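# Notes for the structure review
Below, each chain spelled out in residue letters.
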Amino acid sequence: MLKSAVRQKMGRFVPRSAFRALFRQARNRHPAKQLRKQWPLAVCLALYCAGLLAGAASLSGAAQQGYFGLFAAQYISSHLSQPVSTVWQVDFLSGMLSLTVLLFGALSCAGAPLVCAVPLFRGLCTGLLTGWLYTNLGGAGLLMNTLIFWLPNTGISALTVWLGGVCLKNSVLMGKCLSGAVRPLPAGKLRQLVWQYFMVCLACLGFCLLQAALLAVFGPVFRG
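Everything in this summary refers to the structure shown in the same document. (Residues numbered from 1 in each chain as written. Predicted model: local features only at pLDDT ≥ 70, side-chain atom pairs only at ≥ 80, totals over all residues. Heavy atoms only, no water.)

## Thoughts on the packing of helix α4 (residues 39-57) against helix α7 (residues 112-137)
Packing of α4 against α7 brings their axes to within 6 Å, and their N-to-C directions diverge by 30°. The two elements α4 and α7 cross, and the hand of that crossing is right-handed. Listed contacts from α7 to Val43, Cys44, Leu47, Tyr48, Ala50, Gly51, Leu52, Ala54, Gly55 and Ala56 of α4 are Cys116, Pro119, Leu120, Arg122, Gly123, Leu124, Thr126, Gly127 and Leu128. Tallied by class, the residues present in the contact of α4 with α7 amount to 13 nonpolar, five polar and one charged. (Axes fitted to C-alpha atoms, helices over the stretch in contact; angles between N-to-C directions. Helix = DSSP H or I, 4+ residues; strand = E, 2+ residues; numbered from the N terminus. Left-handed = near helix turned anticlockwise from the far one by under 90°. Contact = heavy atoms within 4.5 Å. Nonpolar A, V, L, I, M, F, W, Y, C, P; charged D, E, K, R; others polar.)

## Regarding the nonpolar core
Counting residues in hydrophobic clusters, the biggest one holds 23 residues, and the most contacted among them are Leu99, Leu102, Leu163, Cys167, Leu168, Tyr197 and Cys204. Elements with a minimum of two residues in this core: α4, α6 (84-106), α7, α8 (139-179) and α9 (187-223). Non-local contacts of Leu99, meaning those with residues more than four positions away in its chain, are made with Thr160, Leu163, Tyr197, Val200, Cys201 and Cys204. One finds Leu80, Ile148, Phe149 and Phe222 within the second-largest nonpolar core, a separate group that totals 14 residues. (Core = buried A, V, L, I, M, F, W, Y, C linked by side-chain atoms within 4.5 Å. Buried < 20%, exposed > 50% of the residue type's maximum accessible area, 1.4 Å probe, protein only.)

## Details of a nonpolar patch on the surface
A cluster of nonpolar side chains, namely Tyr67, Phe68 and Phe71, defines an oily patch on the protein surface of about 330 Å² accessible area. With respect to the secondary-structure elements, Phe68 resides in helix α5 (residues 67-81). (Patch = residues over 30% accessible without salt bridge, like charges linked within 9 Å, V, L, I, M, F, W, Y side chains within 5 Å. Areas by Shrake-Rupley, 256 points an atom, 1.4 Å probe, with all protein chains shown as cover. Salt bridge = Lys/Arg side-chain N within 4 Å of Asp/Glu carboxyl O.)

## So, α4
Here α4 contains 19 residues, and its C-alpha end-to-end distance of 27 Å stays within 8% of the 27 Å for a straight helix at 1.5 Å per residue. Within α4, burial applies to Pro40, Cys44, Tyr48, Gly51 and Gly55. Along the axis of α4, the buried residues cluster in a sector spanning 75°; they form a single face. Along α4, the residues that are exposed and aim more than 90 degrees away from the buried face are Leu53 and Ala57. (Expected span 1.5 Å × (residues − 1). Arc of directions from axis to C-beta.)

Note that every value here comes from positions in space, so none of it alone points to a role or purpose.
Okay, here's the thing in structure tokens:
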């Protein structure tokens, strides 16, 4: 009796439709549904971690002197020997190339494999760098990685994974639009994607400048 009386009194002030709307909103915010919506980001993060582990594991034994080892050694040598102004430009162009590949993949219904390859390759390069520094320089390599390479690489990798998730989702949606499963994407959605791309590029520029600043400060310590 008390519950029914309370419901009747509340119904006078709040219509039932409002309760239904609140219930649907709470149901849509369920953690399981939120995780399902973020599956492209999870896929890109998993691919990056797989590349990270593969890159670090590939520098075991004789492989240190192979192609992967030469790549990591050349990367570190060029960063320590070249002028700071050259380093940030090369890093920024490299980052821009990866982000542009993600954007082009997002604009194609068949671009999902291309989008997935970018965070995998990024993780592979980061794993190679970290593994080479540890296996060849030991504690000094870990210190160099911490002071010079870790923060910029982590920032750019996080940007790559996040934009990769956005682009992967957009590519899948374009495939569904082509098959008629969903309605065509509005023009505002594509504009939002391009703006996200430019904002990520701007943040990438900031991390590249940070990389150059760290090299200018701590680079002379490791050049000897």
